[in-house]
Amino acid sequence: QVQLVESGGGLVQPGGSLRLSCAASGSIFRKAVMAWYRQAPGKQREYVAWITSFGTQNFADSAKGRFTISRDNAKSTVYLQMNSLKPEDTAVYYCRAAADGSIYWGQGTQVTVSS
């Protein structure tokens with residue numbers, strides 16, 4: 001059984017920064033492609049960024065230049081560093097793991113960008 005637990009969300013002013021963490025249990029982390037998604041109120045869940053076990057990364061256009069993704073395989077944790085946050089970044093952020101043909105989701109963490 002794989003469990004993903006996100007943390008680090010909260011309220012931040014426009015232009016501020018947050019770092020989200022996603023801790024994974026189970027043995028798949030080292031080979032999993034880890035990703036962050038987000039879902040704003042009334043909108044579909046959308047992709048933000050992913051990182052492979054080798055460190056290859058990809059970002060949605062909305063995240064390029066502002067967000068970075070990293071992983072610590074020893075801690076089975078993936079991070080999303082978000083800088084220059086905008087009100088439109090407000091959403092629930094979800095961690096996703098993909099490995100061995102299976103997909104796992106975390107419960108999400110709320111990020112609110114507001115003055």
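Description of the pairing of strand β5 (residues 46–51)
Move 1: As defined by bridge partners, strand β4 (residues 33–39) adjoins β5 across five bridges and the pair is classed as antiparallel. Opposite A35, over in β5, you have W50 as the bridge partner.
Move 2: The hairpin turn running from β4 into β5, its antiparallel successor, is six residues long, and G42 in that turn takes a positive phi close to 75 degrees.
Move 3: Linking β5 back to strand β6 (residues 57–59) in an antiparallel pair, the connection comprises five residues, with G55 at a positive phi of about 100 degrees.

So, the side chain of R71
Move 1: Take R71: it is sitting in strand β7 (residues 67–72).
Move 2: Looking at R71, its side chain comes within polar contact range of the main-chain oxygen of F29, at 2.6 Å.
Move 3: Engagement of the side chain of R71 in a polar contact is seen with the backbone oxygen of A32, the distance being 2.8 Å.
Move 4: Apart from the residues within four sequence positions on either side, R71 is in contact with F29, R30, A32, M34, I51, T52, S53, T77 and V78.

Thoughts on the state of the cysteines
Move 1: Inspection of the entire model under this criterion finds one disulfide.
Move 2: Shown here is the disulfide that connects C22 with C95, its sulfur atoms set 2.1 Å apart. Its torsion about the S-S bond being -80 degrees, the disulfide of C22 and C95 is classed as left-handed. In this pair, C22 is assigned in strand β3 (residues 18–24) and C95 in strand β9 (residues 91–99), connecting sequence segments 73 residues apart. In terms of burial, C22 and C95 fall into one category: buried.

Overview of the pattern of salt bridges
Move 1: Across all of its chains, the model carries five salt bridges by this definition.
Move 2: Ionic pairing is found between D89 and R38, a salt bridge with its closest N-O pair at 2.9 Å. In this pair, D89 is assigned in the loop between β8 (77–82) and β9 and R38 in strand β4, connecting sequence segments 51 residues apart.
Move 3: Since its relative accessible area comes to 0%, D89 is described here as buried.
Move 4: Three or more residues joined by partner-sharing salt bridges are found here, namely R38, E46, R66 and D89.

Basis of the calculations
Residues numbered from 1 in each chain as written. Predicted model: local features only at pLDDT ≥ 70, side-chain atom pairs only at ≥ 80, totals over all residues. Heavy atoms only, no water. Pairing = 2+ DSSP bridges. Helix = DSSP H or I, 4+ residues; strand = E, 2+ residues; numbered from the N terminus. Polar contact = N/O pair within 3.5 Å; in protein donor to acceptor, adjacent residues only side chain to side chain. Contact = heavy atoms within 4.5 Å. Disulfide = S-S within 2.5 Å. Buried < 20%, exposed > 50% of the residue type's maximum accessible area, 1.4 Å probe, protein only. Salt bridge = Lys/Arg side-chain N within 4 Å of Asp/Glu carboxyl O.

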